[in-house]
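Residues per chain, in single letters:
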Amino acid sequence: PPLPGGFNAGSIGHPELCARPCLHIAAGRCVHGGRCEFCHLPHDGRQSKMDKRQREMLQTMPGERALELIHPMLHQKLLGMGATEDDARAVADLCRMSGRPVEGPMSKSRSERALVKVMGSMTVRHLLI
């Protein structure tokens, strides 16, 4: 069933948590309407994506290191979305469950700095997937 207020399922959490934009709505009409699983609201520009090398690097790096790289930007994005400091801190707590600290100085290789730059422009949804 369609959602109240003209929203569709794919638009929930727009812009940081929604699904990717609906191509049909961009063309002027979506036959799925409120049941569409893609976002019907306008998006700023094109979504940043990791290239193949960056995806492979993230998949092969230890989980603790990936959390160290993702945590600071995820924390800032959550605060920017209106989350409380306690909510954002809960994310840090999840990262700490890995057994490694998530704060403090981190030396990053050139490829990790490039990866962090791309991830910094990604939405919260895409950082968590």
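Everything that follows concerns the structure shown earlier in this document.
A. Representation of the overall build of the protein in the model. Across its full length, the protein holds 6 helices and 0 strands. Along the protein, helices and strands appear, N-terminal first, in the series α-α-α-α-α-α. When each of the 129 residues of the protein is scored for burial, the buried share is 32%. The contacts in the protein between residues at least 6 apart in sequence include a share of 68% that link residues at least 24 apart.

B. Main features of the packing of helix 3 (residues 63–80) against helix 5 (residues 110–120). Remark: helix 3 packs on helix 5, axes separated minimally by 10 Å, with the N-to-C direction vectors making an angle of 35°. Taken as a pair, helix 3 and helix 5 cross one another with a handedness that is right-handed. Contact with helix 3, carried on its side by R65, L69, I70, M73 and K77, involves E112, L115, V116, M119 and G120 of helix 5 and no other residues of that element. Looking at the contact of helix 3 with helix 5 residue by residue, the classes come out as 6 nonpolar, 1 polar and 3 charged.

C. A look at the nonpolar core. Core analysis: the largest hydrophobic core is formed by 19 residues, its most contacted members being M50, L58, M61, L74, L115 and M119. Sorting elements by how many residues they give to this core places helix 3 first, with 6 residues. Setting aside chain neighbours within four positions, we find M50 in contact with R55, L58, L115, V118, M119 and M122.

D. Region of interest: the layout of surface pockets. Quantified by volume, the largest pocket comes out at close to 1000 Å³. Taken together, 37 residues line the largest pocket, and the ones lying closest to its centre are Q47, S48, M122, T123 and H126. Secondary-structure elements contributing two or more residues to the lining of the largest pocket are helix 2 (52–60), helix 3, helix 4 (85–96) and helix 6 (124–128). Looking at the lining of the largest pocket, its residues break down into 20 nonpolar, 10 polar and 7 charged.

E. Region of interest: helix 5. If you check which residues of helix 5 are buried, you get E112, L115, V116, V118 and M119. Seen end-on, helix 5 carries its buried residues on one side only, within an arc spanning 160°. More than 90 degrees from the buried face of helix 5, the exposed residues found are R110 and K117.

F. Seen up close, the pattern of salt bridges. Tallied over the entire structure, the rule returns 3 salt bridges. With a closest N to O distance of 4.0 Å, D51 and R53 form a salt bridge. Given the relative accessible area of 48%, R53 is considered partly exposed. For E68, the salt bridge is made with R65, and the minimal N-O distance between the two is 2.8 Å. Of this pair, E68 and R65 both sit in helix 3, separated by 3 residues, roughly a single helical turn. Judged by relative accessible area, R65 falls into the buried class, the value being 15%. Bridged by salt links that share partners, the residues R65, E68 and E112 form one connected network.

Definitions and limits used
- Residues numbered from 1 in each chain as written.
- Predicted model: local features only at pLDDT ≥ 70, side-chain atom pairs only at ≥ 80, totals over all residues.
- Heavy atoms only, no water.
- Helix = DSSP H or I, 4+ residues; strand = E, 2+ residues; numbered from the N terminus.
- Buried < 20%, exposed > 50% of the residue type's maximum accessible area, 1.4 Å probe, protein only.
- Contact = heavy atoms within 4.5 Å.
- Axes fitted to C-alpha atoms, helices over the stretch in contact; angles between N-to-C directions.
- Left-handed = near helix turned anticlockwise from the far one by under 90°.
- Nonpolar A, V, L, I, M, F, W, Y, C, P; charged D, E, K, R; others polar.
- Core = buried A, V, L, I, M, F, W, Y, C linked by side-chain atoms within 4.5 Å.
- 1 Å grid on protein atoms, 1.4 Å probe; cavity = no way out; pocket = protein on both sides within 12 Å on 5 of 7 lines; lining within 4 Å.
- Points joined across faces, edges and corners; volume = space filled by probe spheres on them.
- Arc of directions from axis to C-beta.
- Salt bridge = Lys/Arg side-chain N within 4 Å of Asp/Glu carboxyl O.

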